[in-house]
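Residue-level listing of the chains:
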2 protein chains.
Amino acid sequence: MARSLGRICKGFQRLGSLSSIQTQLRQPSTSVSVSVRGTTLIRTMVALPSLFSSKPRDFSLPNSSWGSEMMQLYEHYNSQCEVETEGGEKQEGPWRRLPSYNRLLKYATGGVYLSKIIQSKARLFTRNIRDPGAAFEYVLFVNSEEQKCVCVFQAGHLLEGPPGHVHGGAIATMIDTVTGTHATILSGPVMTANLNINYRSPIPLGSTVLLESSLDKKEGRKTFISCKVTSSDGSKLHTETTALFLSINFSHLLLGE
Amino acid sequence: MARSLGRICKGFQRLGSLSSIQTQLRQPSTSVSVSVRGTTLIRTMVALPSLFSSKPRDFSLPNSSWGSEMMQLYEHYNSQCEVETEGGEKQEGPWRRLPSYNRLLKYATGGVYLSKIIQSKARLFTRNIRDPGAAFEYVLFVNSEEQKCVCVFQAGHLLEGPPGHVHGGAIATMIDTVTGTHATILSGPVMTANLNINYRSPIPLGSTVLLESSLDKKEGRKTFISCKVTSSDGSKLHTETTALFLSINFSHLLLGE
């Protein structure tokens with residue numbers, strides 16, 4: 001175990017300061033960084049670009065599969081990421097788009113038969129299918145002032161549960177992704193401790209929905225988040241969730257504790 | 001909407017009695033069937049084989065990616081699906097393996113831009129990647145007498161959430177799958193109404209875990225199920241869940257209500 005951590009740390013040292021990645025993330029390193037033995041890392045729920053490619057694909061940018069509802073909502077929030085002052089100068093707006101990649105820092109200690117494969121093949125669950133439009137198409141925006149996150153999510157045909165509708169687990173996956181990312185931005189490295197999801201109405205496959213996440217409270221190591229999933233125009237409630245996240249020491253996770 | 005339902009019913013009529021599918025499922029049609037305008041159907045959470053292939057792949061059977069823990073647990077339960085009497089005759093045992101396919105009856109009414117693609121390309125979320133070992137490898141067994149289900153689940157490298165560990169949403173997906181299938185067997189067609197998941201310890205990518213689902217109670221339209229996820233030897237608790245399912249009229253789902 002100790003040897004594993006040694007390898008992990010060497011791997012991290014090779015990454016240097018990760019400043020280029022932080023720049024891409026366009027968010028304060030203090031809000032999503034975590035220290036392991038003096039080396040600054042980006043936290044788990046905010047996926048990192050591939051270390052083996054100079055131009056990793058940012059999955060949160062529009063592609064040809066995005067329908068009109070997805071595009072409209074994307075443009076609505078994206079247009080508020082940069083605003084013009086009265087003097088005509090551009091400055092940061094209230095919202096910030098979060099880039100999204102399909103690879104994390106992969107240093108499994110607990111994997112058994114897959115341990116070698118994990119090193120090279122592991123992919124973020126929500127970004128493991130590259131075919132545009134087939135599975136999870138989504139983009140997250142964060143509003144730090146209002147302590148809110150929104151996610152525009154278009155559910156592809158590979159997410160089927162009940163006939164013609166999105167699997168309850170795929171919905172839970174997006175809820176965990178959005179609330180977990182939000183909790184990370186608010187509290188630094190966290191792990192999901194509880195998800196309490198009420199499913200109100202099924203989501204048709206192929207439709208675009210909106211996830212809205214807001215901070216309820218912070219108590220010590222605990223961050224409480226609420227999340228609603230609604231139709232893209234907000235008229236139909238699909239799910240209501242409360243989520244609890246616990247702040248963690250990142251090295252515990254790497255050690256599988 | 002009415003025209004859509006007409007198309008749906010015609011599609012169902014072409015399926016005839018679905019007796020061949022019921023035979024493959026090897027479970028009483030009364031426990032998982034549902035009637036829509038006089039036509040008997042298998043309910044949603046128990047996936048149906050492709051209608052376009054005479055030999056659909058049963059994903060619940062062993063493949064080369066299954067590790068030793070997965071195989072041992074599979075053989076443990078599978079050996080109890082058929083037992084020998086004192087006279088040396090074979091008869092049904094306490095457990096029954098549930099086959100698993102990657103296609104459902106697909107008649108979406110609510111899909112927007114993907115509606116045509118859905119008709120041909122939709123796949124069950126948990127079976128949408130054919131590469132053995134890459135994502136969800138699992139097999140379910142049901143014990144009707146004890147009103148229990150177990151699922152042996154090996155988590156592949158494409159399910160990553162926190163570095164080297166399974167995404168909370170992927171775990172929720174398996175919990176929804178197991179408890180939903182169990183509720184269907186107990187109560188007929190249902191929809192997930194609530195999942196309350198407590199995450200106790202992360203699951204390393206590549207490991208094999210056991211999901212155990214048991215009936216808590218039935219009250220009118222409500223079926224309450226509990227589910228634990230543990231390490232394969234039962235020594236470590238990964239998650240604890242209570243789940244609530246509501247019995248539904250299948251036609252409501254098809255109409256997107």
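In this text the structure is predicted, and so the values were computed from the model without any measurement. (Residues numbered from 1 in each chain as written. Chains lettered and ligands numbered in written order. Predicted model: local features only at pLDDT ≥ 70, side-chain atom pairs only at ≥ 80, totals over all residues. Heavy atoms only, no water.)

Enquirer: I tried to follow the overall build of chain A on my own but got confused; where do I start?
Expert: A count of helices and strands for chain A gives seven helices and eleven strands. Burial statistics for chain A: of 257 residues in total, 61% are counted as buried. A fraction of 63% describes how many contacts in chain A between residues 6 or more apart in sequence connect residues 24 or more apart. For chain A, the accessible surface area stands at approximately 10600 Å², while carbon and sulfur atoms represent 48% of it. (Helix = DSSP H or I, 4+ residues; strand = E, 2+ residues; numbered from the N terminus. Buried < 20%, exposed > 50% of the residue type's maximum accessible area, 1.4 Å probe, protein only. Contact = heavy atoms within 4.5 Å. Areas by Shrake-Rupley, 256 points an atom, 1.4 Å probe, with all protein chains shown as cover.)

Enquirer: How should the confidence of the model for chain A be read in this particular structure?
Expert: Close reading of the predicted structure is inappropriate where its pLDDT is low. Residue and element names in this part refer to chain A. For chain A, mean pLDDT is 78; residues scoring 70 or higher make up 69% of the total. Ignoring residues within four places in sequence, the model shows residues 1–53, a span with pLDDT below 50, making 109 contacts including any to other chains. The low-confidence segment residues 105–114 (pLDDT under 50) makes 41 contacts with residues lying over four places distant or belonging to another chain. (pLDDT = per-residue confidence, 0-100.)

Enquirer: Is there a simple way to explain the pattern of salt bridges in this structure?
Expert: Side chains that differ in charge, positive against negative, can pair when their charged atoms come close. Residues and elements named next belong to chain B. Enumeration over the complete set of coordinates arrives at six salt bridges over all chains. Arg200 is the salt-bridge partner of Glu240, the closest N and O atoms lying 2.9 Å from each other. Of this pair, Glu240 sits in strand 11 (residues 237–247) while Arg200 is found in the loop between strand 8 (190–199) and strand 9 (208–219), placing the two residues 40 residues apart along the sequence. Residue classification places Glu240 among the partly exposed positions, given a relative accessible area of 24%. For the salt bridge of Lys217 with Glu219, the shortest nitrogen-to-oxygen distance reads 3.3 Å. Residue classification places Glu219 among the partly exposed residues on the basis of a relative accessible area of 43%. (Salt bridge = Lys/Arg side-chain N within 4 Å of Asp/Glu carboxyl O.)

Enquirer: Help me understand the side chain of Asn63 of chain A in this model?
Expert: Residues and elements named next belong to chain A. Here Asn63 shows up in the loop between strand 2 (39–42) and helix 4 (68–78). The exposure class of Asn63 is buried, given its relative accessible area of 19%. At 3.1 Å, the side chain of Asn63 and the side chain of Glu137 are in polar contact. (Polar contact = N/O pair within 3.5 Å; in protein donor to acceptor, adjacent residues only side chain to side chain.)

Enquirer: I keep staring at unusual backbone geometry and nothing clicks. Help me out?
Expert: What is expected of a backbone is that most residues other than glycine have negative phi and most peptide bonds are trans. One non-glycine residue, Gln147 of chain A, lies in positive phi territory at about 55 degrees. With respect to the helices and strands, Gln147 of chain A occurs in the loop between strand 6 (136–143) and strand 7 (148–155).

Enquirer: What am I meant to see in the packing of aromatic side chains here?
Expert: When we look at a pair of aromatic rings, we describe it by the centre distance and by the angle of the planes. Taken as a whole, this structure holds 15 aromatic pairs over all chains when the rule is applied. Taken together through their ring pairs, the aromatic side chains of Phe125, Phe136 and Phe153 of chain A together with Phe125, Phe136 and Phe153 of chain B make up a single cluster. Directly above the ring of Tyr138 of chain A sits Arg127 of chain A, whose terminal nitrogen or CZ lies 3.5 Å from the centroid. One Lys or Arg, Lys217 of chain A, reaches over the ring of Phe224 of chain A and ends 4.9 Å from the middle of that ring. (Phe/Tyr/Trp six-rings, centres within 6.5 Å; stacked < 30°, edge-to-face > 60°. Lys NZ or Arg CZ within 6 Å of the ring centre and 35° of its normal.)

Enquirer: How should the pairing of strand 7 of chain A be read in this particular structure?
Expert: Two faces make up the sheet, and in a regular strand the side chains alternate between them. Residues and elements named next belong to chain A. In terms of residue burial, strand 7 counts as a mostly covered element, since seven of its eight residues are buried. Across eight bridges, strand 6 lies against strand 7 in antiparallel orientation. In the strand pairing of strand 7, Val142 is matched with Cys149. From the end of strand 6 to the start of strand 7, which pair antiparallel, there are four residues, and Gln147 there has a positive phi angle of about 55 degrees. Pairing geometry for strand 7 and strand 9 (residues 208–219), over seven bridges, is antiparallel. (Pairing = 2+ DSSP bridges.)

Enquirer: Just to check I follow, could you spell out the side chain of Ser187 of chain A for this structure?
Expert: Residue and element names in this part refer to chain A. Here Ser187 lies in helix 6 (residues 168–187). A distance of 2.6 Å separates a polar atom in the side chain of Ser187 from a polar atom in the side chain of Thr223. Those residues in contact with Ser187 that lie beyond four places of it in its chain are Lys218, Thr223 and Ser247.

Enquirer: What am I meant to see in the nonpolar core here?
Expert: Generally speaking, nonpolar side chains in soluble globular proteins are found buried as a group. Phe153, Leu159 and Leu211 of chain A together with Phe153, Leu159 and Leu211 of chain B are the most contacted members of the largest nonpolar core, which has 80 residues in total. If sequence neighbours within four positions are ignored, Leu159 of chain B has contacts with Arg123 and Phe125 of chain A together with Ala135, Phe136, Phe153, His165, Val166, His167, Ala170 and Leu205 of chain B. (Core = buried A, V, L, I, M, F, W, Y, C linked by side-chain atoms within 4.5 Å.)

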